[in-house]
Amino acid sequence: MSSLSYADEYRSKLVSAEEAVKIVKSGDWLDWGQTLSNPYALDKALAARKGELDDIKIRLVLSAKEHEIWKVDPKGETFHMNNWHFGRADRAQHDKGNAYHIPNLYRNNPLFYRKSLYDDVDVAMFRVPPMNKHGYFNFSCSVAVLRAICDVAKKIIVEVCPGLPWACGGREELIHISEVDYIVEADSPVVEIPSAPATKTDKVIAEHVIKEMTDGACIQLGIGGMPNAVGTLLAESELKDLGCHSEMLCDAFYHLHEAGKLTNKCKSIDRGKTVYAFAAGSHFLYDWIDNNPSMAAYPTNYTNDPYNIAKNDNVVSINNCIEVDLYGQISSESSGTRHISGTGGQLDFVTGAYSSRGGKAIICCTSSYQDKEGRLQSRIVPMLPSGSIVSVPRTQAHIIITEYGKCDLAGRSTWERAERIINIAHPDLRDDLIQEAQKMKIWSKSNKI
């Protein structure tokens with residue numbers, strides 16, 4: 001077909017948001033995609049139908065805004081939110097009893113749709129950049145899972161947002177107009193999700209991380225302030241010729257690129273390419289992504305496959321956590337029963353990085369924090385609190401770093417783990433941890449603290 005024919009098809013499918021959401025019926029499952037792909041005009045039009053609908057179930061990943069359906073339905077009586085990974089807005093809804101987590105390993109998300117949810121996507125609706133002359137829309141900063149969703153969706157609505165960047169693939173970054181049922185145009189915001197400034201403690205932790213890296217290392221940075229802060233500070237280091245194979249592309253990678261540190265020339269696969277599955281950050285990050293052929297966006301069953309991760313040498317995965325217990329169990333997604341985020345790709349990259357020749361899997365956290373009453377509390381605990389989710393089992397825990405140094409748990413017995421973990425706890429809290437380790441019978445006469 002000619003570009004003129006695509007333009008005709010575009011006009012024939014172009015409708016208002018209000019018209020498009022008329023295809024949604026009570027009992028439907030909707031999918032909104034991830035972060036920047038979450039709809040605006042369609043969200044508002046759907047909210048306006050609250051009184052007409054019942055039992056609308058929505059799946060999405062990491063909300064970047066407060067959705068209109070939340071405003072009109074604060075108790076979740078009509079719209080039931082189900083989220084693969086929580087952000088701040090999702091946590092607030094969860095605390096109100098109006099959002100639910102879907103447990104997953106991020107590498108499996110495309111498989112979930114193609115193998116298990118293939119009959120449970122009634123309508124997919126998400127934002128895209130404008131169509132190109134060949135009749136394609138692009139998944140922009142949300143390539144991770146959208147192609148798999150579209151492959152099984154009964155109906156597809158795209159909301160065209162002119163400000164979204166066009167992400168080069170990779171693969172599975174496109175959808176053709178022939179697959180789309182309705183097109184809605186809306187000049188909606190491209191939300192920035194900037195990183196928090198690095199604290200003094202972050203900088204100390206970053207210095208420990210840098211000691212674990214070599215020139216030519218291929219890095220992954222997990223979601224959250226700590227990995228982004230560490231990555232940004234790497235731009236000021238003496239390291240060179242770093243590579244990127246990551247699920248998330250955040251501001252830190254742009255800073256590494258600008259500093260001349262990110263060349264990708266030492267990678268074994270996708271050499272010369274910055275590889276990622278989704279992006280969230282500042283506008284300069286989105287400008288860097290836009291039509292940039294040195295970058296390759298892939299679905300998570302490629303980026304997060306431990307086999308693919310391990311194909312590169314010297315992979316260093318850098319993620320954060322909430323708590324670590326003396327067995328080496330790592331909790332990164334909940335505090336007791338309060339859900340905070342999700343497993344995401346943390347276990348994927350911990351597994352892949354350790355399998356890489358010369359690779360290292362690093363989990364970072366501050367050793368302690370101040371509670372609401374100003375009391376010092378340890379992030380290193382005897383046992384994880386009741387209800388806390390184990391994101392990385394003790395059998396996969398490798399290097400853990402706090403501001404007090406690192407411990408490597410790989411291949412170590414329970415008493416060795418306890419000793420090494422306590423060694424990086426806050427000094428004022430170590431004696432209590434030793435007493436607990438003795439009660440737990442994981443403290444040996446060989447321990448030297």
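Residues numbered from 1 in each chain as written. Predicted model: local features only at pLDDT ≥ 70, side-chain atom pairs only at ≥ 80, totals over all residues. Heavy atoms only, no water.

**Q** It is not clear to me how the packing of aromatic side chains should be interpreted in this structure. Could you clarify?
**A** Aromatic rings in a pair are described by how distant their centres are and how their planes are angled relative to each other. As enumerated under the stated definition, the model contains 8 aromatic pairs in all. Residues tryptophan 84 and phenylalanine 112 carry aromatic rings whose centres are separated by 5.6 Å and whose planes lie at 10 degrees to one another, so their mutual orientation is stacked. Linking tryptophan 84 in the loop between strand S3 (79–83) and helix H5 (88–95) with phenylalanine 112 in helix H6 (residues 109–116), this pair joins segments that are 28 residues apart in sequence. With relative accessibility at 24%, the residue phenylalanine 112 sits in the partly exposed group. Measuring from centroid to centroid gives 4.7 Å for tyrosine 254 and phenylalanine 284, while their planes differ by 35 degrees, and the two rings are tilted. Placement of tyrosine 254 in helix H10 (residues 251–258) and of phenylalanine 284 in helix H11 (residues 283–289) is noted, with a sequence separation of 30 residues between them. Residue classification places phenylalanine 284 among the partly exposed residues on the basis of a relative accessible area of 30%. It is lysine 65 that lies over the ring of tyrosine 40; its NZ or CZ is 4.5 Å from the centre. The aromatic ring of tyrosine 404 is capped on one face by arginine 430, whose charged end is 5.7 Å from the ring centroid. (Phe/Tyr/Trp six-rings, centres within 6.5 Å; stacked < 30°, edge-to-face > 60°. Helix = DSSP H or I, 4+ residues; strand = E, 2+ residues; numbered from the N terminus. Buried < 20%, exposed > 50% of the residue type's maximum accessible area, 1.4 Å probe, protein only. Lys NZ or Arg CZ within 6 Å of the ring centre and 35° of its normal.)

**Q** What is the right way to read the pattern of salt bridges from this model?
**A** Two side chains carrying opposite charge are able to pair once their charged atoms lie near each other. Under the counting rule described, the total for this entry stands at 26 salt bridges. Between aspartate 31 and arginine 59 there is a salt bridge, with the nearest N and O atoms lying 3.1 Å from each other. Highlighted residues: aspartate 31 in strand S1 (residues 29–34) and arginine 59 in strand S2 (residues 56–61), separated in sequence by 28 residues. On the basis of relative accessibility, which here comes to 1%, the residue aspartate 31 falls in the buried class. On the basis of relative accessible area, arginine 59 is assigned to the buried category, the value being 3%. Lysine 265 is paired through a salt bridge with aspartate 241; the nearest N and O atoms lie 3.7 Å apart. Of this pair, lysine 265 sits in the loop between H10 and strand S13 (274–276) while aspartate 241 sits in the loop between helix H9 (225–234) and strand S11 (243–244), placing them 24 residues apart in sequence. One salt-bridge network, held together by shared partners, links Arg114, Arg147, Asp151, Glu172 and Glu179. (Salt bridge = Lys/Arg side-chain N within 4 Å of Asp/Glu carboxyl O.)

**Q** Is there a simple way to explain the layout of surface pockets in this structure?
**A** Leftover empty space is mapped by rolling, across the atoms, a probe with the size of a water molecule. The space that makes up the second largest pocket amounts to roughly 160 Å³. Considering the residues around the second largest pocket, the lining is formed by Glu323, Tyr369, Leu376, Gln377, Ser378, Ile380, Val381, Pro382, Leu429, Asp432, Leu433 and Glu436. Only strand S23 (376–378), strand S24 (380–381) and helix H16 (430–439) provide two or more residues apiece to the lining of the second largest pocket. Tallied by class, the residues present in the lining of the second largest pocket amount to 7 nonpolar, 2 polar and 3 charged. (1 Å grid on protein atoms, 1.4 Å probe; cavity = no way out; pocket = protein on both sides within 12 Å on 5 of 7 lines; lining within 4 Å. Points joined across faces, edges and corners; volume = space filled by probe spheres on them. Nonpolar A, V, L, I, M, F, W, Y, C, P; charged D, E, K, R; others polar.)

**Q** Explain empty space enclosed by the protein to me, please; I cannot follow it from the model alone.
**A** Scanning the entire structure with this criterion turns up 1 cavity of 30 Å³ or more. Of the volumes computed, that of the largest cavity is approximately 70 Å³. Looking at the largest cavity, it is lined by 13 residues, and the ones nearest its centre are Gly33, Gln34, Val61, Val145 and Ile149. Of all the elements in the fold, those that place two or more residues in the lining of the largest cavity are S1, S2, H6 and helix H7 (143–152). Counted by class, the lining of the largest cavity contains 7 nonpolar, 4 polar and 2 charged residues.

Scope: geometric values only; no functional claims are made or implied.
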